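The primary structure of each chain is shown beneath.
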Amino acid sequence: MGMTITEKIIARAAGKERVKVGDFVNAGVDKLYIKDLRFSKKEDAKGLYGVLLEVLQSMGTDRVWDAKRIITNLDEQPARTDRRAEGQDMARKFAREQQSILYEGAEGGIGHNVMVEHGHVKPGEFIVGADSHTCTYGALGSFATGIGFTETIGVLATGKIWLKVPPAIRFELTGKPGPCVVGKDIVLWAAGKIGYEGAINRTLEYTGPGINEVSIESRLTLCNMAVEMIAVNAIVPPDDRTVAYVREVSEGGFDILQSDPDAQYEQAYTVDLSKIEPQVAAPEYPANAHPVGDFRGMKIHQGFIGTCTNARIEDLRMAADILRGRKVQPGIRLIITPASFEAHRLAEKEGLLEIFRQADATVTSSECGLCVRPSLAAGEVCISSGNRNYRGRMGPKESSVFLSNAATVAASAVTGEITDPRELL
Amino acid sequence: MAPLVVRGRIWKFGDSIDNGNIDGVMEGVDPEFKNKVAPGDILVAGKFFGMGASDEHAPRFLKQAGIAAIGAESISNIYQRTLVNIGLPAMECPGISRLVEEGDEIEIDFTSGKVPNLRSGQIGSGDKLPEIALRILQQGGLIPYLKGQFASKETRSQV
């Protein structure tokens with residue numbers, strides 16, 4: 001019986017010839033991502049570095065397992081709370097003392113985008129990260145999953161993690177997406193199809209001829225939202241696009257693995273991309289997704305284009321196509337937070353920032369921003385390009401969040417109500 | 001040290017309780033719960049327990065409140081690992097919601113996967129944890145486990 005690409009990566013990381021669903025393995029980690037907030041004392045009074053140093057001391061060392069495989073990013077720029085400033089201070093101290101990699105300021109942005117843009121994600125790698133959206137990196141053909149605070153300390157000390165090999169669900173993509181249909185619409189459609197719990201503790205694999213029509217940016221979105229279906233990981237097996245992108249942003253070689261033709265999938269779905277319309281997920285679950293037309297007339301107070309899900313250059317271009325020569329409806333706020341300073345610079349170069357300014361949108365520093373910080377009052381409605389619309393995610397429990405792609409957010413900010421972006425093309 | 005066979009009174013919760021609602025000892029679901037729960041109690045939840053963010057703040061609240069074990073219809077991967085790593089045993093027990101009523105006394109045997117309801121006499125079963133998770137739990141969590149491991153081994157490569 002063949003193996004899926006996820007099984008092959010896990011087997012290689014565990015030093016085994018093969019693994020099968022349900023096996024428990026002890027895998028070696030290729031890269032570890034840590035966000036700044038994990039270094040604060042929110043989760044433990046000693047802080048991550050404090051507990052780690054105690055563990056290292058018990059080993060008779062003060063060094064982490066492999067500093068060059070550890071990447072930290074400051075996800076909020078600048079820090080706005082005592083907690084955050086404390087986390088960033090400790091993150092810098094950790095990186096300095098351990099000589100690990102740290103990104104901030106003009107090099108940084110949202111960690112998951114920074115990891116990809118700086119070439120820390122390669123096909124075939126086994127990556128874990130101290131943030132639930134670490135699954136984003138599967139877009140480049142790696143295995144990637146989120147871990148918690150304590151487990152991060154375990155990886156820092158040993159470079160290893162135990163894991164149960166997950167069953168796989170395959171989405172076979174065919175056809176070509178229509179206008180204003182990108183990764184976000186595909187993944188919201190998929191979540192709507194299998195339900196918010198539909199991939200619990202499973203792997204999602206996106207494959208088929210249609211994947212060739214899906215950009216790297218969109219693949220990052222596809223994999224980013226796997227955790228919203230409670231998946232362990234999501235993966236797009238590497239193709240020419242992947243190889244070209246990874247060669248552009250990184251040096252050195254990598255493993256091109258593919259699923260075997262006789263690999264086993266617990267479930268398989270075929271999706272004709274040309275049939276998918278721009279999607280909107282209503283509160284309070286990302287899987288509560290329907291075609292944008294179903295929400296026509298829904299009034300909004302705020303639009304937000306940002307987050308590790310959808311604020312890359314593809315998204316900023318889509319938003320600019322809608323906003324060019326138009327203005328945000330008076331009384332409506334549109335906040336645009338490019339996913340990284342790299343995306344910010346590209347948007348500047350392409351004149352997109354000027355279009356946003358002319359449209360009366362607010363462009364902010366590159367960071368997680370409003371996805372993790374309250375910005376809504378009770379009764380207010382936001383349409384966001386982010387990944388989570390749980391109750392109270394962006395404000396009090398009486399506020400609500402709809403999710404969509406960046407073009408739909410922009411179109412809705414122009415009209416003041418949820419709008420199909422194709423009507424404004 | 002967390003015992004691997006836990007007996008206690010249960011508190012029953014529904015499906016789809018995410019990390020944000022677990023924070024503050026299930027505050028998002030039952031603001032009074034933190035005043036009702038007693039050390040040694042068992043939390044029984046429905047499907048998809050612990051979905052959402054991976055923040056460890058919320059599960060640590062459960063441990064501090066004295067919850068001795070968790071049995072749920074299903075638990076998100078990150079959450080189950082986190083619970084084990086902080087020394088709070090948690091097992092997926094499909095069917096447990098039908099097996100128990102609020103206030104029942106049950107036992108969860110993390111070594112055998114058996115879940116007897118001591119009131120009704122019915123016996124449910126769960127998805128046994130791997131050996132490594134049981135060893136971590138026996139030491140009271142990943143940090144004490146690692147410290148103990150290194151104390152008895154020469155290099156980290158042997159862990």
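Residues numbered from 1 in each chain as written. Chains lettered and ligands numbered in written order. Predicted model: local features only at pLDDT ≥ 70, side-chain atom pairs only at ≥ 80, totals over all residues.

Our next topic: helix α10 (residues 341-349) of chain A. Residues and elements named next belong to chain A. Here α10 has its buried residues at Phe341, Glu342, Ala343, His344 and Ala347. Of the surrounding secondary structure, the elements contacted by the buried residues of α10 are α4 (111-117), α9 (313-323) and α11 (352-358). Immediately beyond the C-terminal end of α10, within one or two residues, lies Gly351, with a positive phi of roughly 80 degrees. (Buried ≥ 20, exposed ≤ 12 C-beta atoms within 10 Å, placed from the backbone. Helix = DSSP H or I, 4+ residues; strand = E, 2+ residues; numbered from the N terminus. Contact = placed C-beta atoms within 7 Å.)

With that settled, consider the sheet that holds strand β3 (residues 70-73) of chain A. Residues and elements named next belong to chain A. The five strands are arranged β4-β3-β2-β5-β6 in an open sheet whose pairing can be described as parallel. If you trace the sheet from one side to the other, it starts and ends with β4 (101-103) and β6 (143-146), each paired once. For this sheet, the mean inter-axis angle between neighbouring strands, taken without regard to orientation, is 20 degrees. When β3 meets β4, the two strands line up parallel, connected through three bridges. Along β4, the bridge assignment pairs Asn73 with Tyr103. (Pairing = 2+ DSSP bridges. Axes fitted to C-alpha atoms, helices over the stretch in contact; angles between N-to-C directions.)

Residue and element names in this part refer to chain A. Most of strand β2 (residues 31-35) is tucked away, with five of its five residues classed as buried. Note: β2 against strand β5 (residues 126-130), four bridges, orientation parallel. Bridged to Leu32 within β5 is Val128. What joins β2 to β3 is helix α2 (residues 47-58), and the crossover it makes is right-handed. (Right-handed = clockwise from strand over helix to strand, strands pointing away.)

This part takes up the domain arrangement of chain A. Residue and element names in this part refer to chain A. Taken domain by domain, chain A consists of domain 1 (5-253 + 261-271) and domain 2 (279-424). Taking the mean C-alpha position of each, domain 1 and domain 2 sit 25 Å from one another. In this complex, domain 1 contributes 34 residues to the contact, which on the side of domain 2 involves 32 residues. Contributing elements (two or more residues each) for the side of domain 1 that touches domain 2: α4, α6 (183-194) and α7 (216-224). If one sorts the elements of the side of domain 1 that touches domain 2 by residue count, α6 sits on top with six residues. (Domains from an automatic or database assignment.)

The next thing to look at is α2(A). Residues and elements named next belong to chain A. Under the 1.5 Å per step criterion, the end-to-end length of α2 is 17 Å for 12 residues, consistent within 8% with the ideal 16 Å. Every buried residue of α2 is listed here: Gly47, Leu48, Val51, Leu52, Val55 and Leu56. Immediately downstream of α2, the backbone of Gly60 shows phi near 75 degrees, a positive value. (Expected span 1.5 Å × (residues − 1).)

Our next topic: the interface of chain B and chain A. On the chain A side, the residues contacting the 31 residues of chain B number 29 residues. When residues in the side of chain B that touches chain A are grouped by element, the largest group, six residues, is from helix α7 (residues 142-152) of chain B. A breakdown of the residues in the side of chain B that touches chain A according to their chemical character gives 13 nonpolar, 10 polar and eight charged. (Nonpolar A, V, L, I, M, F, W, Y, C, P; charged D, E, K, R; others polar.)

Our next topic: the packing of α2(A) against helix α5 (residues 149-158) of chain A. Residues and elements named next belong to chain A. Relative to each other, α2 and α5 sit at 45 degrees, their axes nearing to 10 Å. Taken together, α2 and α5 sit at an angle that is classed as oblique. Judged by the twist between their axes, the crossing of α2 over α5 is right-handed. Note on element contacts: α5 touches α2 through Phe149, Thr152, Ile153, Leu156 and Ala157, opposite Leu48, Val51, Leu52, Val55 and Leu56. For the contact of α2 with α5, a count of residues per class yields nine nonpolar, one polar and no charged. (Parallel < 35°, antiparallel > 145°, perpendicular 65-115°, else oblique. Left-handed = near helix turned anticlockwise from the far one by under 90°.)

All names here are of chain B. One open sheet holds the five strands; their spatial order is β4-β3-β2-β1-β5, and the pairing between them is mixed. Lying at the two open borders of the sheet, with one neighbouring strand each, are β4 (90-92) and β5 (105-109). Going across the sheet, the axis of each strand differs from the next one's by a mean of 35 degrees, ignoring polarity. Pairing analysis gives five bridges linking strand β1 (residues 5-12) to β5, with the strands arranged antiparallel. Counterpart to Val5 in the pairing with β5 is Asp109.

So, on to the pairing of strand β2 (residues 42-45) of chain B. Residues and elements named next belong to chain B. Burial along β2 is two-sided: Ile42 and Val44 and Leu43 and Ala45, pointing in opposite directions, are all buried. Note: β1 against β2, three bridges, orientation parallel. Within the sheet, the bridge partner assigned to Ile10 lies in β2 and is Ile42. Looking at chain direction, β2 and strand β3 (residues 69-72) are connected through four bridges and run parallel. The residue of β3 that forms the bridge with Val44 is Gly71. Regarding the hand of the β-α-β motif, the stretch spanning β2, helix α3 (residues 57-64) and β3 is right-handed.

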